[in-house]
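Residue-level listing of the chains:
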Amino acid sequence: MNKNLKLFGKRSVGCFIKANWHAPIDAKWINTGQSLCVKQLDEFYQVIKASDILKDDLNRLGDNTDYVIAFREYVSNIHPGSEFRCYVKKNELIGISSRWWPEFFPHFLAERSQILMEVQRFFLDHIQNKFSLENCAYTLIACSD
Amino acid sequence: MKSLFVFRETHNLHWFFHRGLGLPTFADFPKEMPLIMDAAAQYHACSIENWYEDFQDVTLRTNIVKIPQNVLSYFRADEMILPSECYAAQAENGDWSEDEDEDAVQVSVYGALWWCSNDSNSALFSSSLPFRSSATL
């Protein structure tokens, strides 16, 4: 009956939701577990209605734009120290920072060269010249394997 | 770096005076390509529906659903009223107890119906369905 419900049923782990550009991180508090994991329909509506970030997104470009909701696979326990924001200018990687930049994580220092190498390799393999803008920023999540 | 260097060398005051051109005006300086060119186009490019296909091998699996116009206006509104479907879903799950049931407010403003097939549409637009309001959450 309901495409949306079916989608939730298919994935018992739940999902992140996101509008065209942003995830509703300001609505984290509203659901049980204080996470952005959405499993049921009421959680889904609550998160959307509680989030100003999402509302900004849905008002951003006037009515002619196609607004979407993206249901993304939920990944639990992403370590904040494993998220890196990368900056690209003219299709060249010019900088890397922590996603949560004022925070310091000891492994940044210990694994500095390895992090730099992996991020650069990922950029060359998967990002460079593939995005339609030559200047952009993107965020990476480092996995253990 | 190289272009910056050239820019400085060729457009210093000395160079203009030397050729008897007088003081340079703004028009004499080549325009740097602005970093932000067209905000709308950039937003368009960064919208997930437009980049997901190019990067789906390296990002989280995602289903993207277009928001119909009536639902969009429901999302944009400030009131926090959940559609009756949620109520039904909770009743099925059994964590919506009888006591709370009495607090449920009846509102008939939105028939916020989502990607529903036709059979359920008429029911959801009818006037006496229980919606939950923020007061009862």
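Residues numbered from 1 in each chain as written. Chains lettered and ligands numbered in written order. Predicted model: local features only at pLDDT ≥ 70, side-chain atom pairs only at ≥ 80, totals over all residues. Heavy atoms only, no water.

Draft legend 1. Molecular detail of the overall build of chain B. Scanning chain B for helices and strands turns up 8 helices and 3 strands. Its helices and strands taken in sequence order, chain B reads α-α-α-α-β-α-β-α-α-α-β from the N to the C terminus. For chain B, the proportion of its 137 residues judged to be buried stands at 31%. Contacts in chain B between residues far apart in sequence, at least 24 positions, make up 50% of those at least 6 positions apart. (Helix = DSSP H or I, 4+ residues; strand = E, 2+ residues; numbered from the N terminus. Buried < 20%, exposed > 50% of the residue type's maximum accessible area, 1.4 Å probe, protein only. Contact = heavy atoms within 4.5 Å.)

Draft legend 2. Region of the structure containing the pattern of salt bridges. This model, assessed by the stated rule, comprises 5 salt bridges over all chains. Note that Arg-76 of chain B and Asp-63 of chain A form a salt bridge whose closest N and O atoms lie 3.0 Å from each other. Highlighted residues: Arg-76 of chain B in helix α5 (residues 69-76) and Asp-63 of chain A in the loop between α3 (52-58) and β2 (68-73), drawn from two different chains. A relative accessible area of 21% places Arg-76 of chain B in the partly exposed class. Arg-61 of chain B is the salt-bridge partner of Glu-73 of chain A, the closest N and O atoms lying 3.6 Å from each other. (Salt bridge = Lys/Arg side-chain N within 4 Å of Asp/Glu carboxyl O.)

Draft legend 3. Spotlight on the side chain of Ser-51 of chain A. Residues and elements named next belong to chain A. Among the secondary structure elements, Ser-51 is positioned in the loop between α2 (41-50) and α3. You can call Ser-51 buried: its relative accessible area is 0%. Side-chain polar atoms of Ser-51 contact the backbone nitrogen of Leu-54, separated by 3.1 Å. With residues near it in sequence (within four places) discarded, Ser-51 still touches Pro-24, Asp-26 and Ala-27. (Polar contact = N/O pair within 3.5 Å; in protein donor to acceptor, adjacent residues only side chain to side chain.)

Draft legend 4. Spotlight on the sheet that holds strand β5 (residues 136-141) of chain A. All names here are of chain A. Overall, antiparallel pairing links the 3 strands, which are arranged β4-β3-β5 in an open sheet. The sheet is open, and its two borders are formed by β4 (92-98) and β5, each paired with just one other strand. In this sheet, adjacent strand axes meet at a mean angle of 25° when their direction is disregarded. Packing of helix α5 (residues 112-127) onto the sheet brings it into contact with β3 (83-89), β4 and β5, and relative to β4 it is tilted by some 135°. (Pairing = 2+ DSSP bridges. Axes fitted to C-alpha atoms, helices over the stretch in contact; angles between N-to-C directions.)

Draft legend 5. Fine view of the packing of aromatic side chains. Going through the model one piece at a time under the given rule, you end up with 12 aromatic pairs over all chains. An aromatic cluster is present here, built from Phe-44, Tyr-45 and Phe-71 of chain A together with Tyr-74 and Phe-75 of chain B joined pairwise through their rings. Stacked on the ring of Tyr-74 of chain B, the Lys or Arg Lys-49 of chain A has its end atom at 4.4 Å from the ring centre. (Phe/Tyr/Trp six-rings, centres within 6.5 Å; stacked < 30°, edge-to-face > 60°. Lys NZ or Arg CZ within 6 Å of the ring centre and 35° of its normal.)

Draft legend 6. Focus on unusual backbone geometry. All names here are of chain A. Phi angles above zero are rare outside glycine, and Lys-90 is one such case at about 50°. Its location among the elements puts Lys-90 in the loop between β3 and β4. Of note in this structure, Asn-91 is not a glycine but carries a positive phi near 60°. With respect to the helices and strands, Asn-91 occurs in the loop between β3 and β4.

Draft legend 7. Structural view of the environment of Ser-35 of chain A. Along the chain, Ser-35 of chain A falls in the loop between β1 (15-18) and α2. Taking the C-alpha atoms as reference points, Ser-35 of chain A and Ser-76 of chain A, separated by 41 residues in sequence, lie 9.1 Å from one another.

Draft legend 8. Expanded view of the sheet that holds β2 of chain A. Strand order in the open sheet formed by 3 strands is β1(A)-β2(A)-β1(B), and the pairing between neighbours is antiparallel. A strand with exactly one partner marks an edge of an open sheet, and here the two such strands are β1 of chain A together with β1 (62-66) of chain B. Between one strand and the next, the sheet's axes are offset by a mean angle of 20°, whatever the strand orientation. Here β1 of chain A pairs with β2 of chain A via 4 bridges, running antiparallel. Across the sheet, Lys-18 of chain A pairs through a bridge with Ala-70 of chain A, a residue of β2 of chain A.

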